[in-house]
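# Observations on the three-dimensional arrangement
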Amino acid sequence: MDLDEIYNLIADDMAEVNTTIRERLSSEVVLINQVGGYIINSGGKRLRPVLTLLCARALGYEGRNHINVAALVEFIHTATLLHDDVVDASELRRGRETANALWGNEASVLVGDFLYTRAFQMMVDVDSMRVMGILAEATNIISEGEVLQLLNCHDADTTEQRYLDVIRYKTAKLFEAAARLSAILAGHDETVERAMAAYGMHLGTAFQLIDDVLDYSGATGEIGKNIGDDLAEGKPTLPLIHAMRTGTAEQAEAVRRAIEKDGRDAIDAVREAIESTGALDYTAQSARDEAARAREALSVLPDSPYKEGLTALATFSVDRSF
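First, a word on scope: everything that follows refers to the structure included in this document.

So, how was this worked out
- Residues numbered from 1 in each chain as written.
- Predicted model: local features only at pLDDT ≥ 70, side-chain atom pairs only at ≥ 80, totals over all residues.
- Heavy atoms only, no water.
- Helix = DSSP H or I, 4+ residues; strand = E, 2+ residues; numbered from the N terminus.
- Rg over C-alpha atoms; globule rule 2.2 N^0.38 Å.
- Buried < 20%, exposed > 50% of the residue type's maximum accessible area, 1.4 Å probe, protein only.
- Core = buried A, V, L, I, M, F, W, Y, C linked by side-chain atoms within 4.5 Å.
- Contact = heavy atoms within 4.5 Å.
- Phe/Tyr/Trp six-rings, centres within 6.5 Å; stacked < 30°, edge-to-face > 60°.
- Lys NZ or Arg CZ within 6 Å of the ring centre and 35° of its normal.
- Expected span 1.5 Å × (residues − 1).
- Polar contact = N/O pair within 3.5 Å; in protein donor to acceptor, adjacent residues only side chain to side chain.

Bringing the overall build of the chain into the picture now. Of regular secondary structure, the chain possesses 17 helices and two strands. Here the C-alpha radius of gyration of the chain, 19 Å, is about what a compact globule of 322 residues would show, namely 20 Å. Across its three principal directions, the C-alpha atoms of the chain cover 60 × 45 × 30 Å. When each of the 322 residues of the chain is scored for burial, the buried share is 57%.

Turning next to the nonpolar core. Membership of the largest hydrophobic core comes to 81 residues, with the highest contact counts inside it found for Leu51, Ile76, Met196, Tyr199, Leu310 and Leu313. Element by element, the count of residues in this core is highest for helix 9 (residues 160–185), at 12 residues. Setting aside residues up to four positions removed in sequence, Ile76 forms contacts with Tyr116, Ala119, Met123, Leu135, Thr139, Ile142 and Leu174. The next biggest cluster of nonpolar side chains, apart from the first, holds 20 residues, and it includes Ala156, Val255, Ala266 and Ala273.

Before going further, it helps to examine the side chain of Thr98. Tracing the sequence through the fold places Thr98 in the loop between strand 2 (96–97) and helix 6 (99–103). For Thr98, a relative accessible area of 2% corresponds to the buried category. In this structure, Thr98 is in contact with Tyr38, Asp85, Ser90, Glu91, Leu92 and Arg93, ignoring residues within four places of it in sequence.

With that settled, the discussion passes to the side chain of Asp13. Following the sequence through the fold, Asp13 ends up in helix 2 (residues 11–25). When neighbours within four sequence positions are excluded, Asp13 is seen to be in contact with Leu53, Arg57, His66 and Ile67.

Turning our attention to the packing of aromatic side chains. On inspection of all chains with the given rule, the structure shows three aromatic pairs. With centroids separated by 6.0 Å and ring planes inclined at 40°, the aromatic side chains of Phe175 and Phe207 adopt a geometry described as tilted. Of the two residues, Phe175 is situated in helix 9 and Phe207 in helix 10 (residues 190–217); the sequence distance between them amounts to 32 residues. In this structure, Phe175 and Phe207 share a single accessibility class: buried. The ring of Tyr38 is capped by Arg96, whose NZ or CZ atom sits 4.0 Å from the centre of that ring. Note that Arg320 overlies the ring of Phe207, its terminal NZ or CZ placed 3.7 Å from the centroid.

This part covers helix 10. Taking 1.5 Å per residue, 28 residues should reach 40 Å; helix 10 reaches 40 Å between its end C-alpha atoms and fits that length. Taking burial as the measure, the 28 residues of helix 10 include 22 buried ones, the bulk of the element. Two or three places before Thr191, at the opening of helix 10, Asp189 has a side-chain oxygen 3.2 Å from that residue's backbone nitrogen.

On their own, these measurements won't tell you what the molecule is for.
Below you can see the structure in the form of structure tokens.
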């Protein structure tokens, strides 16, 4: 099952999510419509809403709240993108100029705040304290992950565990919440809820690890950002950590300097170190291990096309080139 087939499973639900996004994004403040609409409609894969919808259907949910939850999860994700691009001074996302490059940092931060608060309004509409509790915790942990990443920037002594903590806080937590919320909406017990949360967490971790691989092996046109952006920002991602840990003293020092001060200027030396130490293979294998754990968590689900879609989504997370 490829990505198009996965999306076809929930095409009707996804159409309703997109309608809800457009309706709830609307504001009397023109700049909010411009900036919010620009990034919402910038060609993202909508993976988090897709995850919410697939999980809900796989769990037999027949209500309407999964539409609202899927839309608000996308709003939270979009808010983090707006804020991330300001913090990282990014100029390119999804192959287009970032919102901050077009409208400035102030507008990007404030529209991100609007999306966060609109998401919380939508949580109230779901009328579930459990849903609100999960999402309140998730947004708080995502913020902690952002700060942890900031602390790790330009720190060449960042360990693999510290880096994985950042991934699980900053990226995987929203995947985890999206999957877990579907179990809550469908009224399943704690065992199923924990299993779906584990699926989302491992899926999100695998997805980010492959992003780390693509930052050094992808093509700008395919991945929608500049190659070596993470290095330019001084982020010690797993390929760099592995290269320093297993390379020669000279290679380790070259990578260390790149993280601490040289950035993208040293990308040729960094790529040589990464290639000779098998750092991309190591990171990709870590991602495959996470995807396998995600698939294992699906054993609590009955067989269905939606379960097959979730299994295929885990495979896509590590086999993709964008």
